[in-house]
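# Observations on the three-dimensional arrangement
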Amino acid sequence: IVESLLNRSVLQDSPVRDCILGTRIVGSARLSGNVTATLLPSVGSVRIRVALDGTVSSNNTGYNGPVRLRTSGNGVVHATRDIQVDETGVNMETVLASGSLTTRINAIEHPLRLVRRIARKRAGQQKWKADRIAHERFISRISEAFTEETDRASIDPNADVLKEARAYLQRLNFSEPTRTIGSTSDAVYAFATVRNANQLAAPIPPPEIEIINEATIQLHESFVNNTIGAVLAGRTMTATELERLASKTGRTADSQGTSADASANSEEVKVETEFEIDFDPSRPIIFEARDGQLKLGIRGTRFLQGSRELKRKLEIVAVYQPIKSESGEVLLDRIGEAKVNFPGSKRLSVSQTSLRSAI
């Protein structure tokens, strides 16, 4: 993913305007090559090394009094810049550039042969010095250009990437997660623990990722209870409120299709199915991921439907098998029916048994 964002080919033409040892030089240069990104091992930040490898060719004309010099040049360039990305933004380090440059005088132009001979001799005497100056300026220009290009591509270095997340956590009264970000030579990673002082979390690091993917997300089971469970713990909700929550997922009963009779009697159906649930204050959400299956459910302490009320702890759970459709969408296929479990062994009354069926 990092490579697809940053890797690209470069083909850039630029004018040449210079003056070396009193000779004014005018022409054009072409840079061709590739920009590549490489991840570097780092803990606490993501480090990326962006590199430019290319060649430069130029054709120029030098003016020194009445004499003109037709010159050409060929060079090889290598420039790198390390980028450090953390929660505060992007920090760009200094560009390091190196390379070689070879120049050649192809022709010396002047009407008089004697002047051309003197100019050729003088150019030969000063060429080593001119080449050294040209090489230094060549490396300097590459460094400046690469610095400008990478600066333009970076985001605001003072951007707070967690600003919105912090506001969301504060609204839900969640503690800010403890976290570590970093990079290896082939991946970017982030570890986070979401836990308040009275909650449990994973005691050990996650298992090694054995399958290579573009992106992998690992969630410990405690994450669900520490987030969604914390929001629902001890809360009383009605069928209407739960339906409103379900509608945000885009998978309501209406989206599956309803009959004309049901639509005509929607108010009557709503009255019959309206219910209340008091969610358990300690573990209202049941979430287990074991052996390739998911167990999902809720735990409540009071259930009310119409005039019938059940005041005791009850669990509603279902087991699902993740399957992938032909379109590539992953769906949860329920295995068997949803189960209603009662912690303890007390017998239920007739009305409670009928309420259990409704549940």
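Anyway, here's the lowdown on the structure attached to this text. The structure displayed is predicted, hence computed values, not measured ones.

## What about a nonpolar patch on the surface?
Taken together, Ile 1, Leu 5 and Leu 6 make up a surface patch of nonpolar side chains, about 310 Å² in accessible area. Structurally, Leu 5 is set in helix H1 (residues 2-6). The class for Leu 5 is exposed, based on a relative accessible area of 67%.

## What to know about the environment of Thr 178
Counting through the fold element by element, Thr 178 comes out in strand E8 (residues 178-183). Excluding anything up to four places from it in sequence, Thr 178 contacts Phe 191, Ala 192 and Thr 193.

## Some remarks on the pairing of strand E11 (residues 275-279)
Two elements, strand E10 (residues 236-238) and E11, share three bridges in a ladder whose sense is antiparallel. Residue pairing for E11: Thr 238 is matched across the bridge by Glu 276. As paired elements, E11 and strand E13 (residues 293-305) share five bridges and run antiparallel to each other. Across the sheet, Ile 277 pairs through a bridge with Phe 303, a residue of E13.

## Looking at unusual backbone geometry
Among all residues save glycine, negative phi is the norm, and among peptide bonds the norm is trans. The phi angle at Leu 21 is positive, at roughly 50°, despite the residue not being glycine. The residue Leu 21 is located in the loop between strand E1 (8-20) and strand E2 (23-40) in this model. Positive phi values are uncommon outside glycine, yet Asp 291 reaches one of about 55°. Checked against the element boundaries, Asp 291 lands in the loop between strand E12 (285-290) and E13. With relative accessibility at 79%, the residue Asp 291 sits in the exposed group.

## Here's the deal with the sheet that holds strand E3 (residues 42-43)
In space, the three strands of this open sheet follow the order E3-E8-E9, with antiparallel pairing throughout. Each end of this open sheet is capped by a strand with a single partner; those strands are E3 and strand E9 (188-193). The pairing of E8 with E9 spans six bridges and is classified as antiparallel. Among the inter-strand pairings, Ser 183 is bridged to a residue of E9, identified as Val 188.

What counts, and where the lines are drawn
Throughout this document, residue positions are counted from 1 along each chain, in the order its sequence is written. Local features in a predicted model are, by the rule used here, given only for residues with pLDDT of at least 70; side-chain atom pairs are given and counted only at 80 or more, and totals for whole chains, interfaces and linings are based on all residues. Side-chain metrics rest on all non-hydrogen atoms present in the structure, leaving aside hydrogens and water. Grouping into patches uses exposed residues only, defined as over 30% relative accessible area, and leaves out salt-bridged ones; the cut-off is 9 Å for like charges and 5 Å for nonpolar side chains (Val, Leu, Ile, Met, Phe, Trp, Tyr). Note on areas: Shrake-Rupley with a 1.4 Å probe; residue coverage comes only from the protein chains shown. We count a salt bridge whenever a side-chain nitrogen from Lys or Arg sits within 4 Å of a carboxyl oxygen from Asp or Glu. In DSSP terms, a helix is any run of H or I states spanning at least four residues, a strand is any run of E spanning at least two, and both are numbered starting from the N terminus. Buried means the residue's accessible area, taken with a 1.4 Å probe over protein chains only, is under 20% of the maximum for its type, while exposed means over 50%, and partly exposed covers the values in between. Contact definition: two residues touch when any of their heavy atoms are within 4.5 Å. Only strands joined by at least two bridges in the DSSP assignment are considered to pair.

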